[in-house]
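Observations on the three-dimensional arrangement
Now for the letters of each chain:
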Amino acid sequence: MGKESIAMSIFPRRILLATDGSKEAELAALRAVDLADATDSELHVGHVGLVPIFVDSYPGTLGFDRKLYEQIEEQSSELLRKESWRVKAAGGTVAGTHLRMGAVPLEIVALAEELGV
């Protein structure tokens, strides 16, 4: 195995860019594109819509809670679409976009495990 082959074998084949749409996330997106290109890895973009505890505690409730959940889900979906576009505009290829709803740390870890990143 050549030096380049060994170096490339230590990198993951999939990268997850977990984004919240912040200014820091913009910089992370650019770095993720560079890293994915340099390692010939798939780049996945994920976002977790933060659901307030009072909504998450009673899933499936009707009325205000359900409407609020749907609004958060819609806004989160739009943010994910924009972040995916940002990656593409930076010259990256998005292998998949992933929207989760709930507790951010738990959902990101679960998604990372599912994708094998």
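First, a word on what this report is: a plain description of the structure on this page. (Residues numbered from 1 in each chain as written. Predicted model: local features only at pLDDT ≥ 70, side-chain atom pairs only at ≥ 80, totals over all residues. Heavy atoms only, no water.)

**Description of helix α5 (residues 104–115)**
Taking 1.5 Å of rise per residue, 12 residues should cover 16 Å, and α5 covers 16 Å from first to last C-alpha, within 8% of that figure. Phi for G116, located one or two positions after α5, is positive at around 70°. (Helix = DSSP H or I, 4+ residues; strand = E, 2+ residues; numbered from the N terminus. Expected span 1.5 Å × (residues − 1).)

**A closer look at the sheet that holds strand β2 (residues 42–50)**
Taken in spatial order, the three strands of this open sheet run β1-β2-β3, and their pairing is parallel. Each edge of the sheet is formed by a strand with only one pairing partner; in this case those strands are β1 (14–18) and β3 (94–102). Averaged over all neighbouring strand pairs, the angle between strand axes comes to 25°, with direction disregarded. With five bridges connecting them, β1 and β2 associate as parallel partners. Bridge assignment links I15 to a residue of β2, and that residue is L43. (Pairing = 2+ DSSP bridges. Axes fitted to C-alpha atoms, helices over the stretch in contact; angles between N-to-C directions.)

**Some remarks on the pattern of salt bridges**
Taken as a whole and judged by the stated rule, the model has eight salt bridges. Here E26 and K23 are joined by a salt bridge, their closest N and O atoms 3.9 Å apart. With E26 and K23 both in helix α2 (residues 23–39) and three residues apart, this pair spans about one turn of that helix. Between R86 and E26 there is a salt bridge whose closest N-O contact spans 3.4 Å. In this pair, R86 is assigned in helix α4 (residues 64–89) and E26 in helix α2, connecting sequence segments 60 residues apart. Here the residues in one salt-bridge network are K23, E26, E83 and R86, joined through shared partners. (Salt bridge = Lys/Arg side-chain N within 4 Å of Asp/Glu carboxyl O.)

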